[in-house]
Structure formats: C-alpha cells, structure tokens
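Topology and contacts: notes
Chain by chain, the residues run as shown.
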Amino acid sequence: MFTTAQFRVFSGESEERSLVRPRHLLRDGNRTQAEAAYLDVLRSEPDLKAAWAEYFQLLRAEGRFDDALALADRAIDQFEGDAFSGALKGAALVEMGRFRPALEFLQGSAEKDPDFGMVWHEMGYAAYRLGEYSRALMVLDRAFALDPRSGTLHLRGKILRRSGQYLAAEVAFAGAAEAAEFPEQRMEAERQIAITRRYATFGRKPLELSPHELTFAEHGTVFLSSTSGPAASDWELLDAFVLLARQARWQFTVLAVCDDWDGWRSLGHQLNLHAERVLAPSFGMIPLIVARRPEASNTLWQNGIRAIAGTGSGLSFVLEQEGEEPTADLAGRLAGFEGALDPDGARGLLEHPEARLVSRRLGR
C-alpha cells in the first residue's frame, strides 16, 4: 500500500540531496542502513517533513506500529500538532486497529488544513479498514482532487475490488499505473490488475469465494481438489498431477525434491526424471520443484521458486499449501480445507489469461 510517503509535503533541491542516500539504501533493500540514514536526516534537518513521512512509511511497512506511533508523537511535538503530524498519528492508530480514534484524529487534522491531500488519503484508508467503503471512496475522491497520486488510485482500486466492482477496480489500478511516480508503484499496480482479473473470473464478491478461489485470485495458485466431498489422499493428488502433466504435455528436465516423501520417487519414475536435492541452474533447464508441505525456511524450495521466477521456466507443485508466501504454482489442497479431486476445475484455471503458467516455458 502506497500511503504517507507518496506525498511530497516539502520539495526543493536541499530535500533531494538530503534524502538521496536513505532512498537509495531503501530501494536496494538495505532497510537497516536506510533507517539509520533517515534518522541522521531527522537529526540534521528536523523540519524536513518528507524525511518524517518516508521514515514513517518504512516503519509501517515493517509492521513496527508502536515505533510508528512514537515517531508520530515526536512529529506532533516538532510541528506543533499540524495536519501533517496529525495524519501520521492517525495512520499509526489505524495500523494498530484503533479505527474509530484514528478517524476522529484524522477528521480533526483535516479541519486544521482542509486542503492537505495526505490527511484525506489516510482518512480514506481508515474508513476502508473499518469496512465503511462508501465513506472511504468519497474521502479518497477529495484526496485525489487535492493531490492526484498513484497510491490514492491504488487504494480506491482495492476498495472497489472488495465490493465486487471488478471493472471499476481495474480502471482504478490502470490509472494508478499511469500516474505512478516510481517503477515499484507501476509494477504493483500491474500486479493488482492481474489479481483483479482473477477475482472477476468467479463473478462473485470476494467474501463469497471459497478459500481455494481466494488463493487463486490473490496468488495465482491452482488447486487439484475442491473444498467439498471426500478428501483426496496424497497419492491421489500425485496421480492427478501426473495425469495433468501428461495431458498438458509438460516436459521437465529435472525434479528438485524438497523433502523425503516416498511419492517423489514414484513421480520421477512416471515422468522419467532424475530427482535432485540440490538445484544447479543451467541453460535450458525446466525444473519441477516439489514439496509435500513447503516451509519458508526450506532453502531448496526458496531457491527453486526464485529460479523459476528468474528464468520463466519450470513449475512448482506441492501436495498441501500452507500459509500465503511463497505459494506454489499448483497445489493439491489448501491446509485445513480438504475435498475431492477437481482436475477439470484446475485445467480451467490454468488456462486463465492471468494464470501463472500462461507465459511459462514448460516444454523443451
């Protein structure tokens, strides 16, 4: 979510010089060094609001909401409780789940400076988190009119999607991509367009979708089973995957196994693949990465996912998907939601225009 840091609350050459280093470190993923650099800027230029906003967003993105609230309180002291510092505090209260106090605080800040777009944006986000979608959209319209930003359109798209207004949501995300100031914003808007199109596949609001459908919409993972009927066993799921691979004429060059389940030996035999416990990327490689229940700490699983993403070749398959990230391309079931095999449903979703495998190389 692009929120506070999108707003240029103070501009000028001196600002750009002061913030070059922390912005560069943050973009390169050096968050610890970036935080130290932002703190240096705040010590040397305590009136530089952009530094406060960007450091606040760093804390927010890391889920350090207590630290974000403490920073907002410091900003209130520094700027004598103006609309900017009030927007920071309201945003921190929202992230801590204190929605009503946050809205009241933001409303008071808007009254101090009704032409300050950032406070209206944060008020829209608070209303969105509270589930007051109509109010959120009205407030965001005002925020965008005052200060048109990609992040405001991004948030508008999320609200419309949550309401099941998929075409309007896609238009909002397309606008966010056009208005993006940074490559990261444009890439995220394009990702949200793909997610919105997957949601629209089912023709129902998000709250009406099954867990499997939600996971496909959000992450693109396709499941070989449904959430109803007699539960398919691990071996039945494996057989369904083999049948699907043969029907789709997938041809892999290596089988990378992330655990010691006996079924992978059978899978390698049926697909005529040699099983490896170490993935050594090579030219023309089309890996099949498999795990029974992958864990984020599994190095081979993580390396396999990165290799597939980097080369656009190969496929990841798990018997049971747990948690959200990183998700597999194809899974037997979602943890806690067992059901009968549904290969026809899986084939249909694999052919979706925004499915993961549409542009993936899966044959020699």
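Look up: the structure comes first, before these words.
Criteria and thresholds
- Residues numbered from 1 in each chain as written.
- Predicted model: local features only at pLDDT ≥ 70, side-chain atom pairs only at ≥ 80, totals over all residues.
- Heavy atoms only, no water.
- Helix = DSSP H or I, 4+ residues; strand = E, 2+ residues; numbered from the N terminus.
- Buried < 20%, exposed > 50% of the residue type's maximum accessible area, 1.4 Å probe, protein only.
- Contact = heavy atoms within 4.5 Å.
- Lys, Arg positive; Asp, Glu negative; His and termini not counted.
- Charge placed at Lys NZ, Arg CZ, Asp CG, Glu CD.
- Axes fitted to C-alpha atoms, helices over the stretch in contact; angles between N-to-C directions.
- Parallel < 35°, antiparallel > 145°, perpendicular 65-115°, else oblique.
- Left-handed = near helix turned anticlockwise from the far one by under 90°.
- Core = buried A, V, L, I, M, F, W, Y, C linked by side-chain atoms within 4.5 Å.
- Salt bridge = Lys/Arg side-chain N within 4 Å of Asp/Glu carboxyl O.
- 1 Å grid on protein atoms, 1.4 Å probe; cavity = no way out; pocket = protein on both sides within 12 Å on 5 of 7 lines; lining within 4 Å.
- Points joined across faces, edges and corners; volume = space filled by probe spheres on them.
- Nonpolar A, V, L, I, M, F, W, Y, C, P; charged D, E, K, R; others polar.
- Phe/Tyr/Trp six-rings, centres within 6.5 Å; stacked < 30°, edge-to-face > 60°.
- Lys NZ or Arg CZ within 6 Å of the ring centre and 35° of its normal.
- Pairing = 2+ DSSP bridges.
- Expected span 1.5 Å × (residues − 1).
- Arc of directions from axis to C-beta.

A word on the overall build of the chain. Per the secondary structure count, the chain includes 16 helices and 6 strands. Relative to its 364 residues, the chain shows a buried fraction of 51%. Across the chain, the fraction of contacts at a sequence separation of at least 24, relative to all contacts at a separation of at least 6, is 62%. Taken together, the 42 basic and 52 acidic charged side chains of the chain have centroids lying 3 Å from each other.

One way to put it is that helix α5 (residues 83–95) packs onto helix α7 (residues 117–130) with a least axis distance of 9 Å and a crossing angle of 15°. With respect to α7, the axis of α5 lies roughly parallel. For the pair α5 and α7, the sense of crossing is left-handed. Where α5 abuts α7, its residues A83, F84, A87, L88, A91, V94 and E95 lie against M118, V119, E122, Y125, A126 and R129.

Moving on to the nonpolar core. Within the largest apolar cluster, 56 residues are counted, with the highest numbers of intra-cluster contacts made by W52, F84 and L88. For W52, the contacting residues outside a window of four places in its chain are L42, P46, L71, R74, A75, Q78, F79, F84 and L88.

This part takes up the pattern of salt bridges. Opposite charge on two side chains permits pairing when their charged atoms draw close. Summed over the entire model, instances satisfying the criterion amount to 29 salt bridges. Salt-bridge contacts for E122 lead to R60; the nearest nitrogen and oxygen are separated by 3.0 Å. Taken together, the positions of E122 in helix α7 and R60 in helix α3 (residues 49–61) put the pair 62 residues apart, joining distant regions of the chain. Using a relative accessible area of 0% as the deciding quantity, one classes E122 as buried. Residue classification places R60 among the buried residues on the basis of a relative accessible area of 7%. Overlapping salt bridges bring together R31, E35, E62, R64 and D67 as one network.

Right, let's get into the layout of surface pockets. As a volume, the second largest pocket reaches approximately 600 Å³. Around the second largest pocket, the lining is made up of 22 residues, and of these H219, A309, D329, R356 and R360 lie nearest the centre. With 4 residues, the top contributor of residues to the lining of the second largest pocket is helix α11 (residues 183–200). By residue class, the composition of the lining of the second largest pocket is 8 nonpolar, 6 polar and 8 charged.

This brings us to the packing of aromatic side chains. Under the definition given, this model contains 13 aromatic pairs. The interplanar angle of 85° and the centroid separation of 6.1 Å between the aromatic rings of F202 and F216 together place this pair among those described as edge-to-face. Here F202, found in the loop between α11 and α12 (211–219), pairs with F216, found in helix α12; they are 14 residues apart in sequence, far enough to count as distant. Owing to a relative accessible area of 16%, F202 belongs among the buried residues under this scheme. Geometrically, the ring pair formed by W235 and W261 is tilted, given 5.0 Å between the ring centres and 45° between the ring planes. One end of the pair, W235, is in helix α13 (residues 234–248); the other, W261, is in the loop between β2 (254–257) and α14 (263–271), with 26 residues separating them in the sequence. Following the ring pairs from residue to residue traces out a cluster consisting of W235, F241, W250, F252, W261, W264 and F317. A cation over a ring is seen here: K49 above F79, with NZ or CZ 5.2 Å from the ring centre.

Here we come to the side chain of R360. Mapped onto the secondary structure, R360 falls in the segment after α16 (343–350). Look past the residues within four positions of R360 in its chain and what remains in contact with it is I308, G312, S313, G314, L315 and D329.

Turning to the sheet that holds strand β1 (residues 222–223), a few remarks are in order. Strand order in this open sheet of 6 strands is β1-β6-β5-β4-β2-β3, and the pairing throughout is parallel. Every interior strand has two partners, whereas the edge strands, β1 and β3 (275–276), have only one. Both strand β5 (residues 315–321) and strand β6 (residues 330–334) contribute to a ladder of 4 bridges, which runs parallel. Within β6, the position partnered with F317 by the bridge is L330. Across the sheet, α13 is in contact with β4 (287–291), β5 and β6; its angle to β5 comes to roughly 155°.

What follows is about helix α6 (residues 99–112). Over its 14 residues, α6 extends 20 Å from the first C-alpha to the last, a length consistent with the 20 Å expected when each residue adds 1.5 Å. Every buried residue of α6 is accounted for by F99, A102, L103, L106, S109 and A110. One side of α6 carries all its buried residues, which in axial view fall inside an arc of 125°. The outward face of α6, more than 90 degrees from its buried face, is lined by the exposed residues E104, E111 and K112. Among the structural elements, α5, α7 and α8 (133–146) are those in contact with the buried residues of α6.

Time to look at the environment of A70. Within the element layout of this structure, A70 appears in helix α4 (residues 65–79). Relative accessible area serves as the criterion here: at 40%, A70 is assigned to the partly exposed category. Separated by 52 residues in sequence, A70 and E122 place their C-alpha atoms 18 Å apart.

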